[in-house]
Amino acid sequence: LTSPPAGTATNAAAVAVSGTAEDGATVRILVDGAQVATATATGGAFSASAPLPPADGDAVITALAVDAAGNVSPASVPVTVTVDRTAPALPVISAPAAGAVVATSSVVATGSAEAGAAVLVTGDGGEIGAVVVQPDGTFQATLTLPDGARTVTVRATDAAGNFAETTRSFTV
C-alpha cells in the first residue's frame, strides 16, 4: 500500500487506498480483516475508496492481489488509520473575562484546549493572533483590536479535522 500513510487520522467515512500490484490483478482491500472494496491493477497500480468503521478507533487496512490464474498474494504490510469523528472539547477562554473592559487595544487572549489540537484565535475584525499551544494545552495570543464591543473566537481543531469553537465578548 502506498496510501493512506500509516498514522493518518481522519473523520471521513471512507479513505482512498492505493498501491501496486501485478497488472490485471484484482486487489481485495480489507479493513480490520473484512473485505470492503476491490480494484483492478492497471499498469501495476490500483486505487479504491475503502469505507471505514462507524466507530472511532484504529482501523487496520491491508490488501491482497489475485492474479488471472487465481493465485493470491500474501497480505500487504498493514497500515493503521485512526478514525476520529469526535470534536475536541470546547476550548476555554481564560482572558479576557466575559464582559470585561480592556484598557488597551493590545488584547491578550489566554486559555486552554485539547492537547495536540491546533488553535486559531480571531478577533471580530478578522485579526488573527499568533498562537503557541503549550504541551499542557494552554495557549496565549495577542490581538490588536479597535475600541468598542469586541468578540474573540477560539477554534480548536484536532488531527482528524474535527473542531470546536467558543467565543467571548468584552469591550476595548
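The sections below set out a description of the structure shown in this document.

Rules used throughout
Residues numbered from 1 in each chain as written. Predicted model: local features only at pLDDT ≥ 70, side-chain atom pairs only at ≥ 80, totals over all residues. Heavy atoms only, no water. Core = buried A, V, L, I, M, F, W, Y, C linked by side-chain atoms within 4.5 Å. Buried < 20%, exposed > 50% of the residue type's maximum accessible area, 1.4 Å probe, protein only. Helix = DSSP H or I, 4+ residues; strand = E, 2+ residues; numbered from the N terminus. Contact = heavy atoms within 4.5 Å. Pairing = 2+ DSSP bridges. Phe/Tyr/Trp six-rings, centres within 6.5 Å; stacked < 30°, edge-to-face > 60°. Lys NZ or Arg CZ within 6 Å of the ring centre and 35° of its normal. Salt bridge = Lys/Arg side-chain N within 4 Å of Asp/Glu carboxyl O.

**Observations concerning the nonpolar core**
Counting 21 residues, the largest nonpolar core has Val17, Ile29, Phe46 and Ile61 as the members making the most contacts within it. Of all the secondary-structure elements, those providing two or more residues to this core are β2 (14–20), β3 (26–31), β4 (34–40), β5 (45–51), β6 (57–66) and β7 (79–83). For this core, the element with the most residues is β6, which contributes four residues. With near-sequence residues (within four places) excluded, valine 17 lies in contact with Leu1, Ser3, Pro4, Ile29, Phe46, Ser47, Ala48, Ala50 and Ile61. In terms of nonpolar packing, the next biggest core, distinct from the first, is built from 17 residues, Val107, Val152, Ala156 and Val172 among them.

**Quick look at the sheet that holds strand β14 (residues 163–171)**
The four strands lie next to each other as β11-β10-β13-β14, forming an open sheet whose pairing is antiparallel. Taken across any chain shown, the strands that pair with only one partner, and hence form the sheet edges, are β11 (128–129) and β14. Across nine bridges, the pairing between strand β13 (residues 149–157) and β14 is antiparallel. Bridge pairing links arginine 155 to glutamate 165 in β14.

**Observations concerning unusual backbone geometry**
Serine 3 connects to proline 4 through a cis peptide bond whose omega is 5°. Among the structural elements, proline 4 can be located in the segment before β1 (9–10). Following alanine 95, the chain continues into proline 96 via a peptide bond in cis, with omega recorded as 0°. Relative to the helices and strands, proline 96 is located in the loop between β8 (92–95) and β9 (106–112). If you check the backbone angles, aspartate 32 has positive phi at about 55° while not being a glycine.

**Some remarks on the packing of aromatic side chains**
One pass over the structure, following the stated rule, counts zero aromatic pairs. For the cation-ring pair, arginine 155 lies above phenylalanine 163, with the distance from its terminal atom to the ring centre recorded as 3.7 Å.

**Examining the pattern of salt bridges**
Tallied over the entire structure, the rule returns two salt bridges. Put simply, arginine 150 and aspartate 124 hold a salt bridge, and the shortest N to O gap is 3.7 Å. Within this pair, whereas arginine 150 is found in strand β13, its partner aspartate 124 is found in the loop between β10 (118–123) and β11, the two being separated by 26 residues in sequence. A relative accessible area of 16% means that arginine 150 is categorised as buried. A residue is classified by how much of its surface remains accessible, and aspartate 124, at 41% relative accessible area, is partly exposed. With a shortest N-O distance of 2.9 Å, glutamate 165 and arginine 155 are connected by a salt bridge. One end of the pair, glutamate 165, is in strand β14; the other, arginine 155, is in strand β13, with 10 residues separating them in the sequence. For glutamate 165, a relative accessible area of 38% gives the class partly exposed.

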